[in-house]
Amino acid sequence: MSEHADLEVSELTKSFPTPDGALNILKGTDLDMQRGDALAVTGPSGSGKSTLLYILGLLDSPTAGTVRILGADPFALGEAEQAAFRNKNVGFIFQDHHLLPQCSVLENVMLPALAGAGADAAAEARARELLDRVGMSARVSHRPAQISGGERQRVAVCRALINQPAMLLADEPTGNLDPKTADAVGSLLLELNQEQNTILVCVTHSMSLANRFPRRMELQDGSLVNAPNQQD
Ligand code: ADP
Ligand code: MG
């Protein structure tokens, strides 16, 4: 057995330089998660939720502290190696799906697989399987503009999972959805977390979504603290 947690964050800090001095957003936060764990992160607007998630997703780098993913330190890697590590190990879901409008649903899901070894039948089969899993089989040739907001978010979930990442990160994935659709996308994330054995970290404003997660933490003054079950 490995001595490390699958995701191990230690003394993580992030400061942004501004004309008025450094803005300290993350002030030394720690987090341990194993594959199969699901964590909801809440906190007021501007508390650093996206900043934290972007660092975990290797879309930004820490000011200090360490992040280990599956025992590796991705910030010690060169640019190309880090990009390959991210593509293989991290799936990211944005509030606003970020699908490419000119590509079909199927092509959008396959895109992260094309960045690796090249298009192959296995990637397409997996994309179709995932789209079937989220109830989108009949819409594979449609473009994002031809499907609803909730459907686009389901496609974005498939795209995030195409490379079978160890970690699935979602930044307010239901923020633009009506409550019923948001509920369905929340259920999907939690079900897939168990089925695919991912580390799931979901940032959300919605207490009703957060309350469905087995583990909840809140960003308070730059640190993650355990959060109780709360009302909206
Ligand atoms: P949240 O997602 O919790 O709403 P963010 O992580 O997006 O918050 O932002 C946290 C704080 O950091 C905000 O005050 C934001 O303005 C600031 N911030 C984020 N990115 C930058 C940046 N690149 N430069 C300066 N300040 C930033
Ligand atoms: Mg945010």
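This text goes with the structure placed above it.
Just so it is clear, the structure is predicted and the values come from calculations on it, not from any experiment.

Q: Residue-level account of a nonpolar patch on the surface, with values.
A: Taken together, the side chains of Leu100, Leu111 and Leu114 present a nonpolar region at the surface, about 200 Å² in accessible area. With respect to the secondary-structure elements, Leu100 resides in the loop between strand E5 (90–93) and helix H3 (105–114).

Q: How would you sum up the sheet that holds strand E9 (residues 223–226)? Please name residues and give values.
A: Ordered in space as E5-E6-E7-E3-E8-E9, the six strands form an open sheet in which the pairing is mixed. Looking along the sheet, the strands with just one partner apiece sit at the ends: E5 and E9. Averaged over all pairs of adjacent strands, the angle between strand axes in this sheet comes to 25°, irrespective of strand direction. Across the sheet, helix H1 (residues 49–56) touches strand E3 (38–42), E5, strand E6 (167–171), strand E7 (199–203), strand E8 (215–220) and E9, and the angle it forms with E6 is around 155°. Along the sheet, helix H2 (residues 79–89) makes contact with E5 and E6, crossing E5 at roughly 70°.

Q: Describe the pattern of salt bridges, listing the residues and the values that go with them.
A: Evaluated as defined, the whole model comprises seven salt bridges. Between Arg212 and Asp183 there is a salt bridge, and its shortest N-O distance comes to 3.1 Å. With Arg212 in the loop between helix H7 (207–210) and E8 and Asp183 in helix H6 (residues 179–195), this residue pair connects regions lying 29 residues apart in the sequence.

Q: Any chance you could break down the layout of surface pockets for me, citing the residues and the numbers?
A: Taken as a whole, the largest pocket encloses approximately 370 Å³ of empty space. Along its surface, the largest pocket is lined by 17 residues, and Asn87, Val90, Phe92, Pro112 and Arg159 are the ones closest to its centre. For the lining of the largest pocket, the secondary-structure elements that each account for two or more residues are H2, E5, H3 and helix H5 (149–161). Among the elements that line the lining of the largest pocket, the one with the most residues is E5, at three residues. Among the residues forming the lining of the largest pocket, the class breakdown is ten nonpolar, five polar and two charged. Taken as a whole, the second largest pocket holds about 240 Å³ of empty space. Around the second largest pocket, the lining is made up of 14 residues, and of these Thr174, Ala182, Ser206, Ser208 and Leu209 lie nearest the centre. Those elements giving two or more residues to the lining of the second largest pocket turn out to be H6 and H7. No other element matches H6, which puts three residues into the lining of the second largest pocket. Per-class residue counts for the lining of the second largest pocket are five nonpolar, six polar and three charged.

Q: Hey, could you go over the nonpolar core for me, with residue numbers and the actual values?
A: Among the nonpolar cores identified, the biggest contains 35 residues, and Leu131, Val155, Leu189 and Phe213 are the most heavily contacted of them. Of all elements in the fold, only E3, H3, helix H4 (121–133), H5, E6, H6, E7 and H7 reach the threshold of two or more residues within this core. When neighbours within four sequence positions are excluded, Phe213 is seen to be in contact with Ala38, Leu39, Ala40, Leu190, Leu200 and Cys202. Counting 28 residues, the second largest nonpolar core, distinct from the first, contains Leu7, Leu12, Met33 and Phe85.

Q: Give me the environment of Gly21: which residues, what numbers.
A: Topologically, Gly21 is positioned in strand E2 (residues 21–33). Using a relative accessible area of 30% as the deciding quantity, one classes Gly21 as partly exposed. Here the alpha-carbon distance between Gly21 and Asp132, two residues 111 residues apart in the chain, equals 50 Å.

Q: Please set out the sheet that holds strand E4 (residues 64–69) residue by residue, giving values where relevant.
A: Across the sheet, which stays open at both edges, the three strands sit in the order E2-E1-E4 with antiparallel pairing between neighbours. Two strands in the sheet have a free side with no partner beyond their single neighbour: E2 and E4. Adjacent strand axes in the sheet meet at a mean angle of 25° when their direction is disregarded. Of the pairings in the sheet, the one linking strand E1 (residues 7–18) to E2 comprises ten bridges and is antiparallel in character. Within E2, the residue paired with Pro17 across the bridge is Ala22.

Q: If you had to explain the site of ligand 1 to someone new, which residues and values would you point to?
A: Taken together, the residues surrounding ligand 1 are Phe16, Leu23, Ile25, Pro44, Ser45, Gly46, Ser47, Gly48, Lys49, Ser50 and Thr51. The contact in question runs from an oxygen atom of ligand 1 to an N or O atom on the backbone of Gly48, over 3.0 Å. Between an oxygen atom of ligand 1 and a side-chain N or O atom of Ser50, the distance comes to 2.9 Å. Taking 560 Å² as the accessible area of ligand 1 by itself, protein coverage stands at 58%. Looking at the shell around ligand 1, the elements with two or more residues in it are E2 and H1. For the shell around ligand 1, the element with the most residues is H1, which contributes three residues. Looking at the shell around ligand 1 residue by residue, the class counts come to four nonpolar, six polar and one charged.

Parameters and conventions
- Counting from 1, residues in each chain are numbered in the order their sequence is written.
- Lettering for chains starts from A, numbering for ligands starts from 1, and both go in the order in which the items are written.
- Only residues with pLDDT of at least 70 get local features here, since the model is predicted, and only at 80 or more are side-chain atom pairs given and counted; chain-wide, interface and lining totals rely on the full set of residues.
- As a rule here, side-chain values cover all heavy atoms of the structure and leave hydrogens and water aside.
- Exposure above 30% relative accessible area and the absence of a salt bridge qualify a residue for a patch, where like charges join within 9 Å and nonpolar side chains (Val, Leu, Ile, Met, Phe, Trp, Tyr) within 5 Å.
- Here the Shrake-Rupley method, with its probe set to 1.4 Å, supplies the accessible areas, and only the displayed protein chains count as covering residues.
- Should a side-chain nitrogen of Lys or Arg be within 4 Å of a carboxyl oxygen of Asp or Glu, the pair is scored as a salt bridge.
- Helix and strand assignments come from DSSP, with helices taken as H or I runs of at least 4 residues and strands as E runs of at least 2, each series counted from the N terminus.
- One requirement defines pairing of two strands: DSSP has to find at least two bridges between them.
- Note on method: axes are straight lines fitted to C-alpha atoms, helices fitted across the in-contact stretch only, with angles between N-to-C directions ranging 0 to 180 degrees.
- Whether two residues touch is decided by their heavy atoms; if any such pair falls within 4.5 Å, the residues are in contact.
- Here a cavity means grid points, on a 1 Å grid over the protein atoms only, where a 1.4 Å probe fits yet cannot get out; a pocket means an open set of points with protein on both sides within 12 Å along at least five of seven lines; lining residues are those with an atom within 4 Å of a point.
- Grid points are joined across faces, edges and corners, and a volume is the space filled by probe spheres set on the points.
- For this scheme, ten residues count as nonpolar: Ala, Val, Leu, Ile, Met, Phe, Trp, Tyr, Cys and Pro. Four count as charged, namely Asp, Glu, Lys and Arg, and the remainder, Gly too, count as polar.
- Definition of nonpolar core: a set of buried residues of the types Ala, Val, Leu, Ile, Met, Phe, Trp, Tyr and Cys, connected through side-chain atoms within 4.5 Å.
- Burial classes follow relative accessibility: with a 1.4 Å probe on protein chains only, a residue under 20% of its type's maximum area counts as buried, one over 50% as exposed, and anything between as partly exposed.
- Note on terminology: near, applied to a residue and a molecule or strand, indicates that one of the residue's heavy atoms is within 4 Å of it.
- Under the rule applied, a polar contact is a pair of N or O atoms within 3.5 Å (in protein, one hydrogen donor and one hydrogen acceptor; residues adjacent in sequence only if both atoms are side-chain atoms).

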